[in-house]
Amino acid sequence: MITKENIIASAKKTIESESQSIAKLTQFINDDFVSAVEIIYNLKGRLVVTGIGKSAIIAQKIVATLNSTGTPSLFLHASEAIHGDLGMVQKDDAVICISKSGNSPEIKILVPLLKNFGNQLIAITGNPTSFLGKEAHFVLNTYVESESCPNNLAPTDSTTAQLVMGDAIAVCLMKMRDFKPEDFAKYHPGGSLGKKLLLSVKDMLDTSRKPFVNPDSSIKNVIVEISEKRLGVAAVIENDKVVGIITDGDIRRMLNKTETITGLTAKDIMTVNPKTIKSTDMVVDALNILEDFSITQLVVVDNNEYKGVIHLHDILKEGIV
C-alpha cells in the first residue's frame, strides 16, 4: 500500500544508502588516485572522459566540472568513439574511462584502441578485476555493495560514487593550481554566478542620474531632485564632498512630524555619514552592505568625489541573487 509514510521512508533509505556508499570510497583513495591526478595536472593536451549508458551521463558532468575549474576536458561517447569519434583523442591527451562493470562490449573494443594510441588510461570502475580494470594504467575503485534500486538494477549508488570520484579529482586539481574565485569567474562570465564574481559597481552605475543638493537647498528642491532622478535619494554635497543623504523615507517622516516645510533645508533632515562604496568594489559587496543595514541605496564615492548612487532594485534586475 502506498502511503505518505512509505514514500518518506523510501526516500530516506535511498539517501542513507547512497551516503554510505560515498563514505566507503575513502578507503579506495590510494597511490593510483594520486598518480591519476598528477598525470591530469601535468597534461600537455586535454583530458578525454568516456563512458556508455548512465556512466556516459556522469562523464559529461565530470567534464563540465573540470572545464569550469581549469582542466581542459572533452566528452567522448564510448559507442560513438568506435564509429569515428576516436579522432578526438590526440597524442598528448589522457583518457578517463567510466564503467561500473568494466566489461561492457563497447569498452572492450575501445580500450585496446586507446592503448594502441599510447594514451594514459585511467579507469573509474566498480570492478577493478574487470577487463577495463586490468587494462587501465590506473584504477580508481568506485565499488558499491548494492544499488538503492529495489531490484538492485537501476544505477543509483554506483553512478553517485562515480560522480563523487570525479569531484574528488576536480577539487584536488583546483588546490594544486591554487584556483581562486577570480579564476572561476573567467569560465563563468554569464548568469548570476558570473555577475557576482565579475560585475563591479562602476559597471552598472548610471552617471546620468546623480541626484544631489547642497545643505541649504529647500525641501521643495530636495523633493524635486529626488523625483526627477528616480532613485529615491539625493546626496547632500558641500565643498565637493558628501556630507549627508536624504531618502524619500526621510521626506515622509519629516512630513509626518511637521505642519509646514517653510524654512526647512536639506541639512535639517539629512542623515550624516551615509553608507558609501567605491566604484571599483564589486556589486555583490554593495548588495551585502544594503542587506546588512536594511537600506536600498548606496552612495558611490571615489577619493571623496561623489560618483552617483547604486540602487538595490538595479542590482536585483541584474540577477545577482
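The structure this text deals with has already been given above.
Note that the structure is a prediction, hence the values are computed from the model and not measured. (Residues numbered from 1 in each chain as written. Predicted model: local features only at pLDDT ≥ 70, side-chain atom pairs only at ≥ 80, totals over all residues. Heavy atoms only, no water.)

K.L.:
An account of the overall build of the chain is requested, with residue identities and associated values reported.
P.N.:
What the chain contains, in helices and strands, is 15 helices and twelve strands. The C-alpha atoms of the chain give 30 Å as radius of gyration, which overshoots the globular expectation for 321 residues (20 Å, by more than 25%). Principal-axis analysis of the C-alpha atoms gives the chain an extent of 90 × 55 × 35 Å. Classification of the 321 residues of the chain by burial places 43% in the buried group. Put simply, 62% of the contacts in the chain that link residues at least 6 apart link residues at least 24 apart. (Helix = DSSP H or I, 4+ residues; strand = E, 2+ residues; numbered from the N terminus. Rg over C-alpha atoms; globule rule 2.2 N^0.38 Å. Buried < 20%, exposed > 50% of the residue type's maximum accessible area, 1.4 Å probe, protein only. Contact = heavy atoms within 4.5 Å.)

K.L.:
Kindly report on the sheet that holds strand β8 (residues 241-247), identifying the contributing residues and their values.
P.N.:
Pairing in this open sheet of four strands is mixed, and the strands run β6-β7-β8-β9 from one edge to the other. At either margin of the open sheet sits one strand with a lone partner, and together these are β6 (212-213) and β9 (271-272). Sheet topology places β6 next to strand β7 (residues 233-238); two bridges connect them, and they run parallel. Note that in β7 the partner of Val213 across the bridge is Val236. The sheet strands contacting helix α12 (residues 248-257) are β8 and β9, and the helix crosses β8 at an angle near 60°. (Pairing = 2+ DSSP bridges. Axes fitted to C-alpha atoms, helices over the stretch in contact; angles between N-to-C directions.)

K.L.:
How would you explain the nonpolar core if you had to name every residue and give the values?
P.N.:
Here is a general trend for soluble globular proteins: nonpolar side chains tend to be buried in one another's company. Ile96, Leu140 and Ile169 are the most contacted members of the largest nonpolar core, which totals 26 residues. Where this core is concerned, the elements lending two or more residues are α2 (31-41), β1 (47-51), α3 (54-68), β3 (94-99), β4 (120-125), β5 (138-141) and α7 (157-176). Excluding residues that lie within four positions of it along the chain, Ile169 makes contacts with Phe33, Val37, Ile40, Ile96, Ile124 and Leu140. Formed by 19 residues, the second largest nonpolar core is a distinct cluster that contains Val89, Val95, Val111 and Ala136. (Core = buried A, V, L, I, M, F, W, Y, C linked by side-chain atoms within 4.5 Å.)

K.L.:
Residues and numbers for the packing of α2 against α7, please.
P.N.:
The N-to-C vectors of α2 and α7 enclose an angle of 55°; their axes lie 10 Å apart at closest approach. Relative to α7, the element α2 lies oblique. At the point where α2 passes α7, the crossing takes the right-handed sense. On the side of α2, the interface is formed by Phe33, Val37, Ile40 and Tyr41, while α7 contributes Met165, Ala168, Ile169, Cys172, Leu173 and Met176. (Parallel < 35°, antiparallel > 145°, perpendicular 65-115°, else oblique. Left-handed = near helix turned anticlockwise from the far one by under 90°.)

K.L.:
Break down helix α1 (residues 4-23) for me, with residues and values.
P.N.:
Residues lying three or four places apart along an α-helix face the same way, a consequence of the helix completing one turn every 3.6 residues. For α1, which comprises 20 residues, the first-to-last C-alpha distance of 29 Å matches the rise-based estimate of 28 Å (1.5 Å per residue) to within 8%. Three or more residues of α1 are buried, namely Ser17, Glu18 and Ser21. Each buried residue of α1 lies within a common arc of 90° when the element is viewed along its axis, so the set occupies one face. Facing away from the buried surface of α1 by more than 90 degrees, the exposed residues are Lys4, Glu5, Lys12 and Ile15. The elements touched by buried residues of α1 are α7. (Expected span 1.5 Å × (residues − 1). Arc of directions from axis to C-beta.)

K.L.:
Give a detailed account of the environment of Asp216, specifying residues and quantitative values.
P.N.:
Here Asp216 lies in the loop between β6 and α11 (219-229). Residues Asp216 and Ala56 lie 160 residues apart in sequence; the distance between their C-alpha atoms is 70 Å. Not counting residues within four places of it along the chain, the set of residues in contact with Asp216 comprises Thr265 and Lys267. At 2.7 Å, the side chain of Asp216 forms a polar contact with the side chain of Lys267. (Polar contact = N/O pair within 3.5 Å; in protein donor to acceptor, adjacent residues only side chain to side chain.)

K.L.:
Please provide a residue-by-residue account of unusual backbone geometry, values included.
P.N.:
Positive phi outside glycine occurs at Arg230, with the angle close to 55°. Structurally, Arg230 is set in the loop between α11 and β7. Residue classification places Arg230 among the exposed residues on the basis of a relative accessible area of 68%. The backbone of Ser294 sits at a positive phi, close to 50°, despite the residue not being glycine.

K.L.:
Please set out the packing of α1 against α7 residue by residue, giving values where relevant.
P.N.:
Taken N-terminus to C-terminus, the directions of α1 and α7 make an angle of 45°; their axes are 9 Å apart at the nearest point. What the angle tells us is that α1 and α7 run oblique. Crossing handedness for the pair α1 and α7: right-handed. Between α1 and α7, the contacting residues are Ser17, Glu18, Ser21 and Ile22 on the first element and Asp157, Thr160 and Val164 on the second.

K.L.:
Which residues make up the sheet that holds strand β2 (residues 73-77), and what are the values?
P.N.:
What the five strands build is an open sheet, ordered β2-β1-β3-β4-β5; its pairing is parallel. Strand pairing shows two members of the sheet lacking a second neighbour, β2 and β5, which therefore form its edges. Shown here is a sheet whose adjacent strand axes are inclined to one another by a mean of 20°, direction ignored. The pairing of β1 with β3 spans five bridges and is classified as parallel. Counterpart to Val48 in the pairing with β3 is Val95.

K.L.:
Go over the pattern of salt bridges with me, naming the residues and quoting the values.
P.N.:
Applying the stated criterion across every chain, the model contains twelve salt bridges. For the salt bridge of Glu147 with Lys100, the shortest nitrogen-to-oxygen distance reads 2.7 Å. Linking Glu147 in the loop between β5 and α7 with Lys100 in the loop between β3 and α5 (105-117), this pair joins segments that are 47 residues apart in sequence. Of the residues examined, Lys100 reaches a relative accessible area of 39% and is grouped as partly exposed. A salt bridge links Lys115 to Glu135; its shortest N-O distance comes to 3.2 Å. You can see Lys115 sitting in helix α5 and its partner Glu135 sitting in helix α6 (residues 131-135), a full 20 residues away along the chain. Taking the relative accessible area as the measure of exposure, Glu135 reaches 29% and is therefore partly exposed. Put simply, Asp206, Arg209 and Asp314 are held in one network by salt bridges that share partners. (Salt bridge = Lys/Arg side-chain N within 4 Å of Asp/Glu carboxyl O.)

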